[in-house]
Every structure is written in structure tokens, then in C-alpha cells.
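Close look at the chain arrangement
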Amino acid sequence: MGLGKEFKKFIARGNVIDLAVGVVIGAAFGKITTSLAEGIIMPLIGWLFGDIDFSNKFVRLGPIPEGYDGSLTNYAELREAGVQMIGYGDLITQVINFLLIAFAVFMLVRGVNRAMDEMQELARQTEDSAKSPDVPTDPQLDVLKKILAELKKDEASAPPPTSH
């Protein structure tokens, strides 16, 4: 099998496409969450706790170079000047972003699971999903339900087994 055909076969698999879609949506969702964190949540936290700016939270480890005339509280300026520091403010921001993303994904999965449970319950109660606009069509399930109904009908009309 040629490389081109093998590659087409690989790409044509449903799970590869699903994964690609998930990565693209995840990247977009990450941008939305980052915007939510930086534009809304972090300012609210700053407002609640006295206008805290996590980006400038650090511990200075080394001396300030001679001739430095910038701010002694600005992490970016000190870092650019070559001062050795531990910048824990960015870590706090990233932890908050992670928690927000994790909570948003949890709520999304929770909502999807509830919707799927409702759909599955509707599908169980529906005789023919093709005739019901509220239930996604599942031809395999419909055929299995018809077979089960036929088996039950045959079982009810069959004479009782005789014992020898």
C-alpha cells in the first residue's frame, strides 16, 4: 500500500477527525477562558483584595544592576534588566486560569451528560425514532426494537412447551 493511500486511510478514520475538531475547539475555548480570566475574573479578584496585580508578584533573589533606574516593583522591567527573581504571580494567574478552565469543562460535560441522558430516555420510550422529531434517528435501535417486539409476539403465540 502506498504512503498516500495509507495516509488517506489514517485521516479518514473518524476518531482522527474528532480529535482534530477537539483540538481546534479546545484552542478557541482556551482563548475565551484566558480572556475571561484576564478581563473579568482577575480584575474582580484585584478589586476584592485591594487591587492586587498578580503579574508583579515576585521574590528578588539577586542584586539590582548598577545604573538601573526603573521601578523596583515592576517584574517585567526588573527581569529585562537581568535581575534574578522568582515570579510567583504568573503561577497564581496560571493556576486560576486552570481552575476556571477545569470548572468550565466540568460544567460543559455535566450539561452534555444530562442532555444525553434525556435523549437516551426519550429513545428508550420511542418505538420508531425516525417518526419522532424529538429523538435523534437511530436505525439500528429501531430495528432491534422491532425484532424484540416480534420475538415477544412469537413467544406469546407459541404453544407452551411440553414436558416428556
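Our structure's up above, just so we're on the same page.
Residues numbered from 1 in each chain as written. Predicted model: local features only at pLDDT ≥ 70, side-chain atom pairs only at ≥ 80, totals over all residues. Heavy atoms only, no water.

**What about the overall build of the protein chain?**
- A count of helices and strands for the protein chain gives 5 helices and 2 strands.
- N-terminal to C-terminal, the α/β element order of the protein chain is α-α-β-α-β-α-α.
- Expressed as a percentage of the 164 residues in the protein chain, the buried residues total 15%.
- Of all intrachain contacts in the protein chain linking residues separated by at least 6 positions in sequence, the fraction that spans at least 24 positions is 37%.
- In the form shown here, the protein chain has an accessible surface area of approximately 13300 Å², with 64% of it arising from carbon and sulfur atoms. (Helix = DSSP H or I, 4+ residues; strand = E, 2+ residues; numbered from the N terminus. Buried < 20%, exposed > 50% of the residue type's maximum accessible area, 1.4 Å probe, protein only. Contact = heavy atoms within 4.5 Å. Areas by Shrake-Rupley, 256 points an atom, 1.4 Å probe, with all protein chains shown as cover.)

**A word on the nonpolar core**
- Listed in full, the 5 residues of the largest apolar core are Phe58, Tyr75, Leu78, Val83 and Met85.
- Every residue in contact with methionine 85, bar those within four places of it in the chain, is listed here: Phe58, Val59, Arg60, Leu61, Tyr75, Leu78 and Arg79. (Core = buried A, V, L, I, M, F, W, Y, C linked by side-chain atoms within 4.5 Å.)

**Thoughts on the pattern of salt bridges**
- Counted according to the given criterion, the structure contains 1 salt bridge.
- Note that glutamate 150 is salt-bridged to lysine 153, the shortest N-O span being 3.3 Å. With glutamate 150 and lysine 153 both in helix α5 (residues 139-157), this residue pair falls 3 residues apart, about one helical turn.
- Relative accessible area serves as the criterion here: at 40%, glutamate 150 is assigned to the partly exposed category. (Salt bridge = Lys/Arg side-chain N within 4 Å of Asp/Glu carboxyl O.)

**Some remarks on the packing of aromatic side chains**
- If you walk through the whole model with that rule in mind, you get 2 aromatic pairs.
- Judged by centre distance (5.8 Å) and plane angle (45°), the rings of phenylalanine 58 and tyrosine 75 are tilted. A residue pair is termed long-range when its members are at least 10 positions apart, and phenylalanine 58 in the loop between α2 (14-48) and β1 (59-60) and tyrosine 75 in helix α3 (residues 75-80) qualify at 17 residues. As far as burial versus exposure is concerned, phenylalanine 58 and tyrosine 75 are alike and both buried.
- Note on phenylalanine 103 and phenylalanine 106: the rings are 6.4 Å apart at their centroids and 35° apart in plane angle, and the pair reads as tilted. Within this pair, phenylalanine 103 and its partner phenylalanine 106 are both found in helix α4 (residues 88-125), separated by 3 residues, close to a single helical turn.
- Given a relative accessible area of 52%, phenylalanine 103 falls into the exposed group. (Phe/Tyr/Trp six-rings, centres within 6.5 Å; stacked < 30°, edge-to-face > 60°.)

**Digging into a nonpolar patch on the surface**
- Taken together, the side chains of Phe7, Phe10, Ile11, Ile17, Val21 and Ile25 make up a nonpolar region of the molecular surface, amounting to roughly 560 Å² of accessible area.
- Those elements that place two or more of their residues in the nonpolar patch are α1 (3-12) and α2.
- Assignment of secondary structure puts isoleucine 11 in helix α1.
- According to the relative accessible area criterion, isoleucine 11 is partly exposed, its value standing at 33%. (Patch = residues over 30% accessible without salt bridge, like charges linked within 9 Å, V, L, I, M, F, W, Y side chains within 5 Å.)

**What to know about the environment of arginine 79**
- Within the fold, arginine 79 resides in helix α3.
- Given the relative accessible area of 56%, arginine 79 is considered exposed.
- Along the sequence, arginine 79 and arginine 60 sit 19 residues apart, while their C-alpha atoms lie 9.8 Å from each other.

**Quick notes on α4**
- With 38 residues, α4 should reach 56 Å at 1.5 Å per residue; the first-to-last C-alpha distance of 55 Å fits that figure.
- For α4, the set of buried residues is Gly89, Thr93, Ile96, Asn97 and Ala123. (Expected span 1.5 Å × (residues − 1).)

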